[in-house]
Amino acid sequence: MIFLFGPFELDTTERRLQREGEVVPLRAKIFDTLSALVECHGRLVRKDDLMKRLWPDSVVEENNLDHNISKLRRSLGERENGVRYIETVPRQGYRFIANVTAVDKPSAPGDMVEVPRRPVHLEQEIHSFTADDGAEIAYSIAGEGPVILKAANWLNHLEFELKSPIWQHWLPILTARNKLIRYDERGNGLSSWNISDFSFPAWVRDFERLADEVKEEKFTLLGISQGAAVAISYAVKHPERVERMILHGSFARGWTKRSNADDIERRNAFLTLARLGWGKDNPAFRQMFTTIYMPDGLPEHQEWWNELQRVCTSPENAVQLMYAAGSIDVVDLLPKVKCPTLVMHSEGDEAVPVAEGRLVASRIPGAKFVTLPSRNHLVIHSEPAWPIFVRELSTFMAWPQRDQVAQARPIPRKAEAAG
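Here is what the cut-offs are and how they apply
- Residues numbered from 1 in each chain as written.
- Predicted model: local features only at pLDDT ≥ 70, side-chain atom pairs only at ≥ 80, totals over all residues.
- Heavy atoms only, no water.
- Patch = residues over 30% accessible without salt bridge, like charges linked within 9 Å, V, L, I, M, F, W, Y side chains within 5 Å.
- Areas by Shrake-Rupley, 256 points an atom, 1.4 Å probe, with all protein chains shown as cover.
- Salt bridge = Lys/Arg side-chain N within 4 Å of Asp/Glu carboxyl O.
- Lys, Arg positive; Asp, Glu negative; His and termini not counted.
- Charge placed at Lys NZ, Arg CZ, Asp CG, Glu CD.
- Helix = DSSP H or I, 4+ residues; strand = E, 2+ residues; numbered from the N terminus.
- Buried < 20%, exposed > 50% of the residue type's maximum accessible area, 1.4 Å probe, protein only.
- Axes fitted to C-alpha atoms, helices over the stretch in contact; angles between N-to-C directions.
- Parallel < 35°, antiparallel > 145°, perpendicular 65-115°, else oblique.
- Contact = heavy atoms within 4.5 Å.
- Nonpolar A, V, L, I, M, F, W, Y, C, P; charged D, E, K, R; others polar.
- Pairing = 2+ DSSP bridges.

Participant: Could you give an account of a positive patch on the surface, naming the residues involved and the relevant values?
Facilitator: Positive charge collects at one region of the surface, where Arg 27, Lys 71, Arg 74 and Arg 79 lie side by side. When you line up the elements, Arg 79 lands in helix α4 (residues 78-81). Overall, the relative accessible area of 65% leaves Arg 79 in the exposed class.

Shown next as structure tokens:
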């Protein structure tokens, strides 16, 4: 069950309290105290009943409960902002007096996925256009409905992704009630590999050309990782065409712009290793990158990520793409974004620190920031972060509740791309 009150979201199934998307750490007994009060919101909860619930097998002094209430009030910020959540009824107990909205959800974390219903088989049409400098950019169209235009991230392969355990839960959701248009970035996947311009301005020009190519008047932008900066740039330059924007694992400044000497040294070492070992049959070099992007992935996720790196680009292109991403700086554009924006980020992301996502959200007017309990750069289906991601996405996209089901269905292994 999820309870919403003020800026807080209390998830009793996942045992998590969040304030405007950020986790509020609570000790176990204090969390249990809050849960007991919120579940009975508006009603008096007597001290004896609370103590029996919190310490069912122990005899404790009443001041233990008073201590929990004091700590809880401090965590909710009652003293800081003057807003009262908990009322003391002298010599009787406590009452939770804030307005509370309860939202039902399945109790099993692995099953709690709200996703619009759709067939499990994903079909896509693959097309291409010629960029300003002659590079061929491949793109695909799947699903029907309002358009989601996805900016390319590291790395892409339109056909190979259909077989991916990483994307098998993302793609059905994104195409369930929407037309999803995605493309392979220049230098990788089905797009031209033999190019000379890997610059960020070239990425933005490709995205603008794609938007014109598909002839859609308005759409939702989806930017993941380095694709977020492309989406942000487009949203600022063409606000009349952007309805809303979803960013995940985002950053507005690349690794060369963050003034972190240790990180810069590490990234330069990665570039050297990529030149030496990217395309070799021994996956040891690529495993290093996989561990950063997918540290808590299952073996099948890590194996696929290793293989993706091998099949989707050359060692030389990989280095150029990584360096171009490291040089991104769109911080000054963030306050100019006018569309509603949802920013989600894994709190333990090692590829892009959560502080970078928080920076993006803090500079975009009105943006909502949601931290996800994960270390993976892309959230996978088996972790508790996934249902949170889907719930936030569903709400932001205003998908009808009646079309949501409890289980996301992965794309079958046998599915192949059309085109």
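Participant: Run through the packing of helix α2 (residues 47-54) against helix α3 (residues 62-76), naming residues and quoting values.
Facilitator: α3 packs onto α2 with a crossing angle of 90° between their chain directions and a minimal axis gap of 10 Å. When the axes of α2 and α3 are compared, the pair comes out roughly perpendicular. Here Lys 47, Leu 50, Met 51 and Leu 54 of α2 come into contact with α3, specifically with Glu 62, Leu 65, Asp 66 and Asn 68. The residue makeup of the contact of α2 with α3, split by class, is four nonpolar, one polar and three charged.

Participant: Can you lay out the environment of Leu 222 for me, pointing to particular residues and giving the numbers?
Facilitator: Looking at the element boundaries, Leu 222 is found in strand β14 (residues 219-224). On the basis of relative accessible area, Leu 222 is assigned to the buried category, the value being 4%. A sequence separation of 10 residues divides Leu 222 from Ile 232, and the C-alpha atoms of the two residues are 9.7 Å apart. Filtering out sequence-adjacent residues up to four positions away, Leu 222 remains in contact with Ile 148, Leu 149, Lys 150, Ala 151, Leu 174 and Ile 246.

Participant: Describe the sheet that holds strand β6 (residues 86-89), listing the residues and the values that go with them.
Facilitator: Strands pair in a sheet through their backbones, by hydrogen bonds, and they do so in one of two ways: parallel or antiparallel. What the three strands build is an open sheet, ordered β5-β7-β6; its pairing is antiparallel. Both edges of this open sheet fall to β5 (44-46) and β6, since each of them pairs with a single strand only. Neighbour-to-neighbour, the strand axes of this sheet turn through a mean angle of 30°, independent of strand direction. Across four bridges, β6 lies against strand β7 (residues 93-96) in antiparallel orientation. Directly across from Glu 87, in β7, lies its bridge partner Arg 95. Strands in contact with helix α1 (residues 28-39) are β5, β6 and β7; relative to β7, the strand with the most contacts, it is inclined by about 65°. Sheet strands in contact with α2 are β5 and β7, and its direction is about 65° off that of β5.

Participant: Let's hear about the pattern of salt bridges: which residues, and what values?
Facilitator: Applying the stated criterion to the full structure yields 21 salt bridges. Residues Glu 87 and Arg 95 are paired through a salt bridge, measuring 2.4 Å at the closest nitrogen-oxygen approach. Judged by its relative accessible area of 24%, Glu 87 falls in the partly exposed class. Ionic pairing is found between Asp 197 and Arg 205, a salt bridge with its closest N-O pair at 3.3 Å. One salt-bridge network, in which partners are shared between bridges, spans Lys 47, Glu 62 and Asp 66.

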